[in-house]
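# Secondary and tertiary structure notes
Residues per chain, in single letters:
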Amino acid sequence: MDNPPLSKYFDKIRFVFFTSFIFCMSLLLWDYYMAVSDRGITFLPSNSSFNYNENADCPRKFNHTNQNSVSSGASNIPRYIVENHTETIVPEAHGEVDKRVHMSSPPLNRDNVGLVSNLSTRNLDSCSGQYVYVYDLASRFNEDLLKGCHSLMKWDDMCPYMSNLGLGQKVIEKSKEKALLKESWYATNQFSLEVIFHNTMKNYKCLTNDSSLASAIYVPYYAGLDVGQYLWGGFNVSIRDASPKELVKWLAQQPEWKRMWGRDHFMVGGRVGWDFRRRTENNDDWGTKLMLFPEARNMSIMLIESGSKVNEFPIPYPTYFHPSKDKEVFQWQKKMIKVKRPYLFSFAGAPRPNSNSSSSIRNEIIKQCQSSRSCKLLSCNDGHNYCNDPVHVTKVFQSSVFCLQPPGDSFTRRSTFDSILAGCIPVFFHPESAYNQYLWHLPRNGSSYSVYIPERDVREKRVMINEKLSRVPKSEVLAMRKEIVRLIPRIIYRYPSSRLETVEDAFDIAVKGILGRIEAARRNITNVNYTIS
């Protein structure tokens with residue numbers, strides 16, 4: 001019997017619906033297959049968070065969201081959203097997107113969800129986030145200072161120290177007892193870091209001539225050499241401040257500066273921070289006002305000693321050892337492990353004539369060293385200048401288990417790094433001599449590599465250094481010596497035109513630290529942007 005007309009009508013509807021359903025499901029399955037196989041369209045969930053994979057390859061296409069102004073002096077910063085990434089793009093003065101910064105972010109609003117097309121996983125730029133752009137400064141800020149090296153310091157001719165890319169003259173050891181390796185030792189001046197750093201940066205693997213790609217901008221001003229020529233001799237403040245004023249004025253006019261108002265800029269000062277923070281206009285006051293100018297306060301400044309924790313970052317004094325190959329570092333480490341150390345402790349330095357000065361602890365240290373058969377003293381006040389001789393200094397430190405490092409003209413000493421290089425455990429008497437200084441390069445746990453004796457205890461003769469050090473358990477001594485040898489690569493600067501393959505030296509660690517500092521500054525700007533939006 002035939003179905004009634006109404007039943008036939010419903011049968012047709014069911015057939016059409018079923019056919020349409022099969023067709024739509026086929027399209028969906030085909031679309032899913034294409035999306036997976038081509039890494040096609042990928043939607044970003046609203047609660048996604050940043051998870052950067054250094055081994056992934058991410059050429060990206062961006063969808064532009066609303067631009068929001070930042071009140072902290074930064075330019076308008078448009079926000080872009082990539083699959084599982086949020087990024088801040090800092091525009092150039094002409095509005096072109098030029099900077100990409102990876103950073104974590106708060107949960108995204110649904111309105112901000114974007115999409116990415118055709119993600120590849122093959123051509124990762126190994127320098128992503130590490131590019132550095134170097135300003136081409138007027139020669140008066142660097143090259144001309146080297147040409148006038150005879151007058152850079154009142155008490156010494158700096159020209160020999162400026163040879164070999166700032167490392168100084170090569171050291172040829174004449175004694176039969178070889179304290180050094182055959183190669184890579186130089187008579188390096190403790191104030192030559194700016195020149196060494198600049199020449200090393202010229203061979204940095206991630207240099208770029210396109211400032212829009214750079215994560216950091218390097219300002220190669222030899223501030224320490226510049227101020228050094230005016231620290232003695234009664235020069236008035238206008239002469240001392242002439243170059244710093246001209247520099248910051250020039251920087252403020254550059255398009256790169258206006259992207260983050262200098263917060264992505266950095267420079268190196270080869271002297272202690274005190275030399276750049278003159279607070280008065282009195283000609284009798286010390287140093288220049290470089291670090292007190294508003295522009296300088298925005299930059300990150302690396303120094304051999306810091307006096308402020310805001311934008312100053314201490315990095316090691318240069319030592320005498322500048323290897324060109326990894327194997328030289330390893331050979332030296334092995335040598336320092338095996339060397340025999342007949343003395344319990346040593347001191348290389350000169351007494352202070354004013355017994356009431358804060359540095360008078362040196363006089364007491366020298367007395368205690370002279371009265372102990374366990375101490376080796378290298379006097380820097382006997383006219384032989386042995387304390388500037390790499391061979392003599394290294395021999396003394398190699399022969400000692402502990403090396404005393406009291407404050408000198410400032411809290412820190414180049415001798416600290418000479419002793420670490422020689423495998424000698426440093427003994428500090430003030431926390432500002434190392435513990436509060438070199439946080440990028442030395443362990444935060446000071447007791448893992450050094451001994452601390454309060455300065456007051458020595459001055460008031462409540463502690464005898466010989467007795468204190470002789471009571472350190474042998475197991476702790478061995479652990480500290482092992483840690484000291486491990487630290488050696490971190491406190492040396494390689495030969496500037498070379499690249500170490502598996503070893504990170506002081507330069508590498510300093511650049512990493514600066515890049516991290518600048519990334520944090522961008523993150524702060526981004527957080528402000530999110531808050532305002």
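Basis of the calculations
Residues numbered from 1 in each chain as written. Predicted model: local features only at pLDDT ≥ 70, side-chain atom pairs only at ≥ 80, totals over all residues. Heavy atoms only, no water. UniProt positions renumbered as here; feature names shortened; annotations may be inferred. Disulfide = S-S within 2.5 Å. Helix = DSSP H or I, 4+ residues; strand = E, 2+ residues; numbered from the N terminus. Buried < 20%, exposed > 50% of the residue type's maximum accessible area, 1.4 Å probe, protein only. Axes fitted to C-alpha atoms, helices over the stretch in contact; angles between N-to-C directions. Parallel < 35°, antiparallel > 145°, perpendicular 65-115°, else oblique. Left-handed = near helix turned anticlockwise from the far one by under 90°. Contact = heavy atoms within 4.5 Å. Nonpolar A, V, L, I, M, F, W, Y, C, P; charged D, E, K, R; others polar.

For the protein, an unreviewed UniProt entry supplies the name Putative xyloglucan galactosyltransferase GT11 and the organism Glycine soja. The record held by UniProt for the protein lists under Subcellular location (unreviewed entry) the comment "Golgi apparatus membrane". Taken directly from UniProt, the Sequence similarities (unreviewed entry) text for the protein runs: "Belongs to the glycosyltransferase 47 family."

On to the state of the cysteines, then. Enumeration over the complete set of coordinates arrives at 5 disulfides. Here Cys127 connects covalently by a disulfide to Cys206, the sulfurs 2.0 Å from one another. Disulfide Cys127 to Cys206: torsion about the S-S bond roughly -80°, handedness left-handed. Of this pair, Cys127 sits in the loop between β6 (115-116) and β7 (132-134) while Cys206 sits in the loop between α4 (193-201) and β8 (216-218), and the two are 79 residues apart along the sequence. One exposure class covers both Cys127 and Cys206, and it is buried. Each sulfur of the disulfide joining Cys403 and Cys424 lies 2.1 Å from the other. The sign of the 115° torsion about the S-S bond sets the Cys403-Cys424 disulfide as right-handed. Placement of Cys403 in strand β14 (residues 400-405) and of Cys424 in the loop between α12 (414-421) and β15 (425-428) is noted, with a sequence separation of 21 residues between them. Across the protein, the way the bonded cysteines pair up, counted in sequence order, is 1-4, 2-3, 5-6, 7-8, 9-10.

For the rest of this paragraph, the subject is the packing of helix α3 (residues 159-166) against α4. Pairs of packed helices are described in terms of their axes, by the angle between the two and the distance that separates them. Between α3 and α4, the least distance of the axes is 10 Å, while the angle of their chain directions is 15°. Considering the angle they form, α3 stands roughly parallel to α4. Our pair here, α3 against α4, has a crossing hand that is right-handed. Packed against α3, whose contacting residues are Met162, Leu165 and Gly166, the element α4 presents Val195, Ile196 and Asn199 at the interface. Looking at the contact of α3 with α4 residue by residue, the class counts come to 4 nonpolar, 2 polar and no charged.

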